[in-house]
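If you want the building blocks of each chain, they are given just below.
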Amino acid sequence: MTQYYGEYPKTWVSVDCIVFGFEGGKLKLLIGKRKMDPGRGQWALYGGFVKAGESLDNAAHRVLLDLTGLDKLYMKQVGAFGDIDRDPGDRVISVAYCALINVKDYDNTLRQQYGAEWVNLDELPTLFADHNKMVKKAITLLRRRISSEPLSFNLLPDEFTLTQLQNVYEAILGEEIDKRNFRKRIKQIDFIEKTGAIDKLTSKRGAALYRFNKKMYEDDPTFKL
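Remember, it's a predicted structure, so these values are computed and weren't measured experimentally. (Residues numbered from 1 in each chain as written. Predicted model: local features only at pLDDT ≥ 70, side-chain atom pairs only at ≥ 80, totals over all residues. Heavy atoms only, no water.)

Participant: Which residues make up the pattern of salt bridges, and what values do they have?
Facilitator: Pairing between side chains of opposite charge can happen when their charged atoms approach one another. Considering all chains together, one arrives at 9 salt bridges under this definition. Between E23 and K28 there is a salt bridge, with its nearest N and O atoms 3.1 Å apart. The partly exposed category is assigned to E23, whose relative accessible area is 33%. For K28, a relative accessible area of 14% gives the class buried. Between R40 and D37 there is a salt bridge, with the nearest N and O atoms lying 3.3 Å from each other. We note that R40, like D37, is exposed. (Salt bridge = Lys/Arg side-chain N within 4 Å of Asp/Glu carboxyl O. Buried < 20%, exposed > 50% of the residue type's maximum accessible area, 1.4 Å probe, protein only.)

Participant: Can you break down the pairing of strand β10 (residues 207–212) residue by residue, with the values?
Facilitator: Note that strand β8 (residues 159–160) and β10 share 2 bridges and pair antiparallel. When the bridges of β10 are listed, E159 appears paired with R211. When strand β9 (residues 192–199) meets β10, the two strands line up antiparallel, connected through 5 bridges. Residue pairing in the sheet places K194 in a bridge with Y210 of β10. (Pairing = 2+ DSSP bridges. Helix = DSSP H or I, 4+ residues; strand = E, 2+ residues; numbered from the N terminus.)

Participant: If you had to explain the packing of helix α4 (residues 162–173) against helix α5 (residues 179–186) to someone new, which residues and values would you point to?
Facilitator: Contact pair α4 / α5: the axes reach a minimum separation of 11 Å and the direction vectors enclose 110°. In terms of their interaxial angle, α4 and α5 are classed as roughly perpendicular. Judged by residue contacts, L162, T163, L165, Q166 and Y169 of α4 engage K179, F182, R183 and I186 from α5. Broken down by class, the residue content of the contact of α4 with α5 amounts to 5 nonpolar, 2 polar and 2 charged. (Axes fitted to C-alpha atoms, helices over the stretch in contact; angles between N-to-C directions. Parallel < 35°, antiparallel > 145°, perpendicular 65-115°, else oblique. Contact = heavy atoms within 4.5 Å. Nonpolar A, V, L, I, M, F, W, Y, C, P; charged D, E, K, R; others polar.)

Participant: Describe the sheet that holds β9, listing the residues and the values that go with them.
Facilitator: Read from one edge of the open sheet, 3 strands run β8-β10-β9, paired in antiparallel fashion. Unpaired on one side and paired on the other, β8 and β9 mark the two borders of the sheet.

Participant: Can you break down the packing of aromatic side chains residue by residue, with the values?
Facilitator: Following the criterion strictly, the structure yields 10 aromatic pairs and no others. Between W12 and F49, the ring centres sit 5.3 Å apart and the planes meet at 55°, which makes this aromatic pair tilted. Residue W12 is found in strand β1 (residues 12–23), and its partner F49 is found in strand β4 (residues 46–49); the two are separated by 37 residues along the sequence. With a centroid separation of 4.5 Å and 5° between ring planes, the pair formed by F153 and F212 is classed as stacked. Of this pair, F153 sits in the loop between α3 (131–145) and β8 while F212 sits in strand β10, and the two are 59 residues apart along the sequence. (Phe/Tyr/Trp six-rings, centres within 6.5 Å; stacked < 30°, edge-to-face > 60°.)

Participant: Residue-level account of the layout of surface pockets, with values.
Facilitator: Remark: the empty space left among the atoms is shown by a probe the size of a water molecule rolled over them. Its boundaries defined by the atoms lining it, the largest pocket holds a volume of some 740 Å³. The wall of the largest pocket is formed by 23 residues, among which K72, F153, N154, F212 and K214 lie closest to the centre. Sorting the residues of the lining of the largest pocket by element identifies β10 and α6 (214–219) as the ones contributing at least two each. With 3 residues, α6 is the largest single contributor of residues to the lining of the largest pocket. Tallied by class, residues from the lining of the largest pocket come to 13 nonpolar, 2 polar and 8 charged. (1 Å grid on protein atoms, 1.4 Å probe; cavity = no way out; pocket = protein on both sides within 12 Å on 5 of 7 lines; lining within 4 Å. Points joined across faces, edges and corners; volume = space filled by probe spheres on them.)

In structure tokens, the structure reads:
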């Protein structure tokens, strides 16, 4: 560090990670009880302070990797939260990040180690500081992006049924979608491929399984649902 800016007060900078998952037709949020003061024992998002020599993105990636054990997750910056009294401990500016994961990819042993819990979004408790505000903004951003980015595939297994895909869209949007129109539109999208395999676990009649062709999407990323 340099000798400059010594006349200005120091401010803490942290990252908070809003981790969404999808299970049982519900959009879920990964939260845990704070293990530090202030707010020890309160429900909160997972986060940490930005270290010296660490960028914001790298700090968020570190927190997510430590928490989930998963690398290369979908991760987007939600925004900065800097109200003067947002953190009762000190002057802390937090930059929130949103991550999407398939719940079944998350090692349950690691979840227990951190004391993390998946909570249905419509049953979310009051969280520490302004974490509820962060979650609300993240949902708003997801709803704006889901029609122009293939976000939903980050919440699904590699192979999925069209019913599962529609359920993810409905969970994020918070409303029902017309089944016939949805399927008609999905079948017109080249990078959603029919695998030829049949799902006999979640569908009694046996539903066709599909997959997301990431390379095909990257070659022609024009997408709108």
